[in-house]
There are 2 protein chains.
Amino acid sequence: MEEQTKYLLNENDIPRAWYNINADSPVAPEAVLNPMTNEPVTPDFLSVLFPMGLIEQEVSMDRYIDIPEEVREAYKLWRPTPLIRARRLEKALGTPAHIYFKYEGVSPSGSHKSNTAIAQAYYNKIAGTKAMTTETGAGQWGSALSMACQFYDMPLEVYMVRVSYDQKPYRRFLMETYGAEVNASPSPKTHYGQKLLAEDANNPGSLGIAISEAVEMAASSNGGKKYGLGSVLHHVLLHQSVIGEEALKQMDMANEYPDVVIGCVGGGSNFAGIAFPFLRENLKNGQRTRLLAVEPDAAPSLTRGIYAFDYGDTACSAPICKMYTLGADFMPASIHSGGLRYHGMAPTLSSLYAQGLVEAVAVSQTKVFEAAVLFARTEGLLPAPESSHAILAAINEALEAKKTGEKKVILFNLSGHGHFDLSSYNKYLTGQMEDYALPDEAVKNIRQHIPAIKENALV
Amino acid sequence: MEEQTKYLLNENDIPRAWYNINADSPVAPEAVLNPMTNEPVTPDFLSVLFPMGLIEQEVSMDRYIDIPEEVREAYKLWRPTPLIRARRLEKALGTPAHIYFKYEGVSPSGSHKSNTAIAQAYYNKIAGTKAMTTETGAGQWGSALSMACQFYDMPLEVYMVRVSYDQKPYRRFLMETYGAEVNASPSPKTHYGQKLLAEDANNPGSLGIAISEAVEMAASSNGGKKYGLGSVLHHVLLHQSVIGEEALKQMDMANEYPDVVIGCVGGGSNFAGIAFPFLRENLKNGQRTRLLAVEPDAAPSLTRGIYAFDYGDTACSAPICKMYTLGADFMPASIHSGGLRYHGMAPTLSSLYAQGLVEAVAVSQTKVFEAAVLFARTEGLLPAPESSHAILAAINEALEAKKTGEKKVILFNLSGHGHFDLSSYNKYLTGQMEDYALPDEAVKNIRQHIPAIKENALV
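Residues numbered from 1 in each chain as written. Chains lettered and ligands numbered in written order. Predicted model: local features only at pLDDT ≥ 70, side-chain atom pairs only at ≥ 80, totals over all residues. Heavy atoms only, no water.

**Examining the overall build of chain A**
Alright, step 1. On a plain count of helices and strands, chain A comes out with 19 helices and 15 strands.
Alright, step 2. Taking 459 residues into account, the globule formula puts the C-alpha radius of gyration at 23 Å, and chain A, at 21 Å, falls close to it.
Alright, step 3. With the C-alpha coordinates of chain A rotated into their principal frame, the extents come out at 65 × 50 × 50 Å.
Alright, step 4. Across the 459 residues in chain A, those meeting the buried criterion constitute 68%. (Helix = DSSP H or I, 4+ residues; strand = E, 2+ residues; numbered from the N terminus. Rg over C-alpha atoms; globule rule 2.2 N^0.38 Å. Buried < 20%, exposed > 50% of the residue type's maximum accessible area, 1.4 Å probe, protein only.)

Structure, rendered in structure tokens:
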């Protein structure tokens, strides 16, 4: 019999509901706090930034939330995504393990971000939103929301971290091709940007700053504009659950079940997307799959951060969440995985990690690129540096299985392609890449960057 | 009932044979001539450049040629490719036409070129070839062969047109990530390159020059290296027939049959790939599908060239073929569709065009980019500029159907993605793009650039 490589589903297998882990989590989610009062936020406060459809999802305890038919129609442009057995990588490693990956890079914008971008644009559209704002680091999220806003005929303002704006013009051109307005952040368009530029005209920007600007533009628009976030928030993680739901069906087609499910984590959404449906099977149906989150050692919020209430942005204007954090003013080193350079971690994922239901590991970027090149040379696909964190962890699991002889089944999420990251590959191939592990001294000092609000006293 | 968008096949639907149009063409193929003698080439002459497996395919009159199982295994990494109904584009145009496209951009290297790259590397490998050489213009072919040679553990030397080498570093980095050695052409590594650089150290290069260098390196290697070509030759077109064979099955799944099949043409391989299986149905099974080749008005070999014997390269060292040509020393303007900047057209396709079995049209690049942006904004996928020639023609057919009210079924080949072409999109969006139609005077002078060999006297 022929060896099967790809496991494909048809359009009617696109999930009809998103899965909400909060319905099954042993610990109820913590309240989100208003940054001006430190008290739990009200829907009224959130509605300045988000349409009610998304706010309801943010706090919902329903296990399943129906995916609107219009969103499923748009998903059909690329979903269901393939599950692929990495047979060539297995052979190169000489491992008895079976390595599968879910490939989200087939989406038009090149990553899993489209799964939530379409949903967010849709809920904004039906709520009457006239225009949207957002931030982007490496550009994956900005590209995805640019496409989605174009589909629903809403103008989009993107605040793009200046260093990426300058170094990644292709990502900017892609957003502009989709019709978005892209601003280098900090930008003279916002009060916060003006303040920062007055202090330093060459401020290179950060994701936290860009979030602050996008939030300011929405909050000060008198309802004319709403804001979209590409990770961290619960409704974003919820939308990504289509990844894991499809993967469950596809692993079944392959007659296997994963011993370990792996994803990279920046804000946490692609990992949550693939892992939470498998966590449901652990919690409800007696499965015992390990769930492994992989973060860069330059921004190790899960493995070295503190579990506390903290701001989501640098200007301290975004809601306060309980999460693993390195401090809202933490500036991660300039690693090439721009999508993982964030000080915090999704509160939902943070809670599950604190409960011991999820594992985490931090890895260095030269090892990540070594894994990425091996993957490209065996499987052909060029992975995003972010996603390559998951590849490295999968390879390490497979090499461990080689030592023990275990026929382990490994599943990881290849959350995006690296077509816009080739200058990073060039740096790696020409020996110009460095590692940036966080010094112990910096870790010791994190607590002083965490806001002194009463809930943090309990931590 | 839900509207279907994508038509997917499973791995066991990957064709088991390539389709050879020469078996069904009403006119036998013309001889290929030795550039040193102007006499028909012998297999011995060709075997300096190519392994016997490919030479046999070049001259075969068998209707079907089995695809080796090892090649089908590698195809499984991305094949079968999806057939997608462009429902959002249809709506934007307000056309009664149904528009389908076959999406070859899902291949790891980003285009249809992988279909023949894998086959060529395979036949070289089993013939004992130790290393390969090739040229690349925009980089799609070079990327594909770099990946394929890595799969079969053969070193590859790529000669990349210098202007692309400088302007498209990402394509170069991709080839290097796949393990290839990439040289700017003209290069000091070859005698021909040395000669050109001595005349002009800033020679920007051309595809014809790069072919000459890659051919020289193989021909002078005493059998150590063979040469691979990404289009034009018959075996290359043959390998691309998997596109059309799959599309036939997928149109059947959609319960439709195309009135017109469209592809862009540079050397002719992606168009041949989608069109020839439909041409077989015209010739053998009474179908009447129009087959429309779309070329850039800056390199209009079919619509404005001469049907004559001509060299395939600039140094006049490659075999002489009867084809539509603008002259081997023709320098196309610097349009952004690098893959279509070639002076000639595949002999097999040229013959079918001369017989009136295929139509052709030339279009301008600003119109092409207008179509590309509309496509990206409706369907999400960012098309390669080359492939966007086909999109423009499909849109024109759909608008024509809108006028007449005809429920026409249109199928085009989206041969690759445009992720490495975003600087061209930026030029278009910022109004910096020009058109380069060939002046009538230049067309009149083409004949004087055609070699004076006896067969040309008959033209």
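Structure's up, so let's keep going.
**Considering the nonpolar core**
Alright, step 1. Among the nonpolar cores identified, the biggest contains 82 residues, and Trp-18, Tyr-75, Ile-118, Phe-276 and Leu-411 of chain B are the most heavily contacted of them.
Alright, step 2. Leu-411 of chain B has contacts with Leu-83, Tyr-100, Phe-101, Lys-102, Ala-247, Met-251, Pro-258, Val-260, Val-261, Ile-262, Ile-274 and Phe-278 of chain B, leaving out every residue within four places of it along the chain.
Alright, step 3. Ile-118 and Leu-145 of chain A together with Ala-376 and Leu-422 of chain B belong to the second-largest nonpolar core, a separate cluster that totals 49 residues. (Core = buried A, V, L, I, M, F, W, Y, C linked by side-chain atoms within 4.5 Å. Contact = heavy atoms within 4.5 Å.)

**Brief notes about the pairing of strand S12 (residues 306–311) of chain A**
Residue and element names in this part refer to chain A.
Alright, step 1. Counting buried positions along S12 yields 6 of 6 residues, so the element is predominantly enclosed.
Alright, step 2. Looking at chain direction, S12 and strand S13 (residues 320–325) are connected through 6 bridges and run antiparallel. Residue pairing for S13: Ile-306 is matched across the bridge by Thr-325. (Pairing = 2+ DSSP bridges.)

**Thoughts on the pattern of salt bridges**
Any two side chains of opposite charge can pair, so long as their charged atoms come close to each other.
Residue and element names in this part refer to chain A.
Alright, step 1. Under the counting rule described, the total for this entry stands at 54 salt bridges over all chains.
Alright, step 2. A salt bridge links Lys-189 to Glu-157; its shortest N-O distance comes to 3.8 Å. Placement of the pair is Lys-189 in the loop between strand S8 (181–185) and helix H9 (191–199) and Glu-157 in strand S7 (residues 156–161), with a sequence separation of 32 residues.
Alright, step 3. The class for Glu-157 is buried, based on a relative accessible area of 7%. (Salt bridge = Lys/Arg side-chain N within 4 Å of Asp/Glu carboxyl O.)

**Regarding the interface of chain B and chain A**
Alright, step 1. Counting residues at the interface gives 48 residues for chain B and 48 residues for chain A.
Alright, step 2. With both chains or domains summed, chain B and chain A bury close to 4400 Å², and 53% of this area falls on carbon and sulfur atoms.
Alright, step 3. Glu-11 of chain A serves as the salt-bridge partner of Lys-6 of chain B, at 3.8 Å between the closest nitrogen and oxygen.
Alright, step 4. At the boundary of chain B and chain A, one finds 17 residue pairs in polar contact (both at pLDDT 80 or more).
Alright, step 5. Looking at the side of chain B that touches chain A, the elements that each hand over two or more residues are helix H3 (69–75), helix H6 (140–151), helix H8 (169–177), helix H16 (365–379) and helix H18 (422–429) of chain B.
Alright, step 6. The residue inventory of the side of chain B that touches chain A, partitioned by class, reads 21 nonpolar, 12 polar and 15 charged. (Buried area = accessible area lost by both parts, 1.4 Å probe. Polar contact = N/O pair within 3.5 Å; in protein donor to acceptor, adjacent residues only side chain to side chain. Nonpolar A, V, L, I, M, F, W, Y, C, P; charged D, E, K, R; others polar.)

**Quick look at helix H6 (residues 140–151) of chain A**
Every α-helix winds through 3.6 residues per turn, so residues three or four apart in the chain are directed the same way.
Residue and element names in this part refer to chain A.
Alright, step 1. Between the first and last C-alpha of H6 there are 17 Å, a value that for 12 residues agrees with the 16 Å anticipated at 1.5 Å per step.
Alright, step 2. The element H6 is extensively covered by neighbouring structure, given that 11 of its 12 residues are classed as buried.
Alright, step 3. Listing the buried residues of H6 in full gives Gln-140, Trp-141, Gly-142, Ser-143, Ala-144, Leu-145, Ser-146, Met-147, Ala-148, Cys-149 and Phe-151.
Alright, step 4. Directly after H6, the chain includes Asp-153, whose backbone phi takes a positive value near 60°. (Expected span 1.5 Å × (residues − 1).)

**Things to note about the packing of aromatic side chains**
Alright, step 1. Under the criterion given, the structure shown has 35 aromatic pairs over all chains.
Alright, step 2. Between the aromatic rings of Phe-375 of chain A and Phe-412 of chain A, the centroid separation amounts to 6.2 Å while the plane-to-plane angle is 75°, which identifies the pairing as edge-to-face. On the criterion of sequence distance, the pair formed by Phe-375 of chain A in helix H16 (residues 365–379) and Phe-412 of chain A in strand S15 (residues 409–414) is long-range, its members being 37 residues apart.
Alright, step 3. Aromatic pair Phe-369 of chain B and Tyr-425 of chain B: ring centres 5.3 Å apart, planes at 75°, arrangement edge-to-face. (Phe/Tyr/Trp six-rings, centres within 6.5 Å; stacked < 30°, edge-to-face > 60°.)

**Notes on the relation of the copies chain B and chain A**
One copy of the chain maps onto the second through a rotation around an axis plus a translation along that axis.
Alright, step 1. Expressed as a screw operation, the relation of chain B to chain A combines 0.0 Å of axial shift with a rotation of 180°, fitting to an RMSD of 0.0 Å. The symmetry that links the two subunits is that of a two-fold axis.
Alright, step 2. With an isologous cut-off of 70% or more, the 100% of interface residues of chain B that recur at the interface of chain A puts this contact in the isologous class. (Least-squares fit on C-alpha atoms with pLDDT ≥ 70 in both.)

**Some details on the sheet that holds strand S4 (residues 83–85) of chain A**
Residues and elements named next belong to chain A.
Alright, step 1. Reading across from one edge, S1-S4-S5-S15-S10-S11-S14 is the order of the 7 strands in this open sheet, with mixed pairing throughout. The open sheet is flanked by strand S1 (6–7) and strand S14 (359–363), the only strands paired with a single partner.
Alright, step 2. Two strands pair when backbone bridges link them, and strand S10 (residues 260–264) and strand S11 (residues 290–296) are joined in this way by 5 bridges, in the parallel orientation. Looking at S11, one finds that Gly-263 is bridged to Ala-293.

**With respect to helix H12 (residues 241–253) of chain A**
Residues and elements named next belong to chain A.
Alright, step 1. Taking 1.5 Å per residue, 13 residues should reach 18 Å; H12 reaches 19 Å between its end C-alpha atoms and fits that length.
Alright, step 2. When you tally the buried positions in H12, you get 10 out of 13 residues, the bulk of the element.
Alright, step 3. Among all positions in H12, only Ser-241, Val-242, Ile-243, Gly-244, Glu-245, Glu-246, Ala-247, Leu-248, Gln-250 and Met-251 are buried.

**Details of the domain arrangement of chain A**
A common way to state how big an interface is: give the accessible area lost once the parts meet.
All names here are of chain A.
Alright, step 1. Once the domains are mapped, chain A shows domain 1 (6–14 + 78–110 + 243–453) and domain 2 (17–67 + 112–234).
Alright, step 2. On a C-alpha basis, the centres of domain 1 and domain 2 stand 22 Å from each other.
Alright, step 3. Interface area, domain 1 with domain 2, both sides summed: about 3900 Å², of which 61% is carbon and sulfur.
Alright, step 4. Run the count over domain 1 and domain 2 and you get 3 salt bridges. (Domains from an automatic or database assignment.)

**Here's the deal with the sheet that holds S8 of chain A**
All names here are of chain A.
Alright, step 1. An order of S8-S7-S6-S9 is seen for the 4 strands of this open sheet, with the pairing classed as parallel. Lying at the two open borders of the sheet, with one neighbouring strand each, are S8 and strand S9 (225–227). Neighbour-to-neighbour, the strand axes of this sheet turn through a mean angle of 25°, independent of strand direction.
Alright, step 2. Across 3 bridges, the pairing between strand S6 (residues 131–136) and S9 is parallel. Among the inter-strand pairings, Met-132 is bridged to a residue of S9, identified as Lys-226.
Alright, step 3. Set on the sheet, helix H8 (residues 169–177) makes contact with S6, S7 and S8; between it and S7 the angle comes to about 175°.
Alright, step 4. Of the strands in this sheet, S6, S7, S8 and S9 touch helix H10 (residues 207–219), which is tilted by about 170° from S6. (Axes fitted to C-alpha atoms, helices over the stretch in contact; angles between N-to-C directions.)

**Describing the environment of Asp-421 of chain A**
Alright, step 1. Within the secondary structure, Asp-421 of chain A sits in the loop between S15 and helix H18 (422–429).
Alright, step 2. Along the backbone, Asp-421 of chain A and Ala-138 of chain A are 283 residues apart, and their C-alpha atoms lie at a distance of 9.1 Å.
Alright, step 3. Setting aside residues up to four positions removed in sequence, Asp-421 of chain A forms contacts with Lys-168, Ala-384 and Pro-385 of chain A together with Tyr-170 of chain B.

**Considering the pairing of strand S7 (residues 156–161) of chain B**
Side-chain direction in a regular strand flips from residue to residue, so the side chains alternate between the two faces of the sheet.
Residues and elements named next belong to chain B.
Alright, step 1. Counting buried residues in S7 gives 6 out of 6 residues, a clear majority hidden from the surface.
Alright, step 2. Side chains Leu-156, Val-158 and Met-160 of S7 all project onto a buried face; the interleaved residues Glu-157, Tyr-159 and Val-161 project onto the opposite face, where all are buried too.
Alright, step 3. Sheet analysis places strand S6 (residues 131–136) next to S7, joined by 5 bridges and oriented parallel. Residue pairing across strands places Glu-135 opposite Tyr-159, the latter belonging to S7.

**Notes on unusual backbone geometry**
Excluding glycine, a negative phi dihedral is what most residues carry, and trans is how most peptide bonds are arranged.
All names here are of chain A.
Alright, step 1. Here the amide bond leading from Arg-79 into Pro-80 is cis, since omega sits at -10°, within 30 degrees of zero.
Alright, step 2. Looking at the element boundaries, Pro-80 is found in the loop between helix H3 (69–75) and S4.
Alright, step 3. A cis amide bond, omega 5°, links Ser-185 with the succeeding residue Pro-186.
Alright, step 4. Checked against the element boundaries, Pro-186 lands in the loop between S8 and H9.
Alright, step 5. Within the chain, Asn-38 stands out as a residue other than glycine whose phi angle is a positive 60°.
Alright, step 6. Relative to the elements of secondary structure, Asn-38 occurs in the loop between strand S2 (17–19) and helix H1 (43–46).
Alright, step 7. Asn-38 gets classed as partly exposed once you look at its relative accessible area, which sits at 22%.
Alright, step 8. With phi around 60°, Asp-153 is a residue other than glycine that occupies positive phi space.

**Some points on the packing of H16 of chain B against helix H17 (residues 385–404) of chain B**
Residues and elements named next belong to chain B.
Alright, step 1. Interhelical geometry of H16 versus H17 gives an angle of 85° and a closest axis separation of 8 Å. Taken together, the axes of H16 and H17 lie roughly perpendicular to each other. Where H16 approaches H17, its residues Lys-367, Val-368, Phe-369, Ala-371, Ala-372, Leu-374 and Phe-375 are matched on the opposing element by Pro-385, Ser-388, His-389, Ile-391, Leu-392 and Ile-395.
Alright, step 2. Here the contact of H16 with H17 is composed, by residue class, of 10 nonpolar, 2 polar and 1 charged. (Parallel < 35°, antiparallel > 145°, perpendicular 65-115°, else oblique.)

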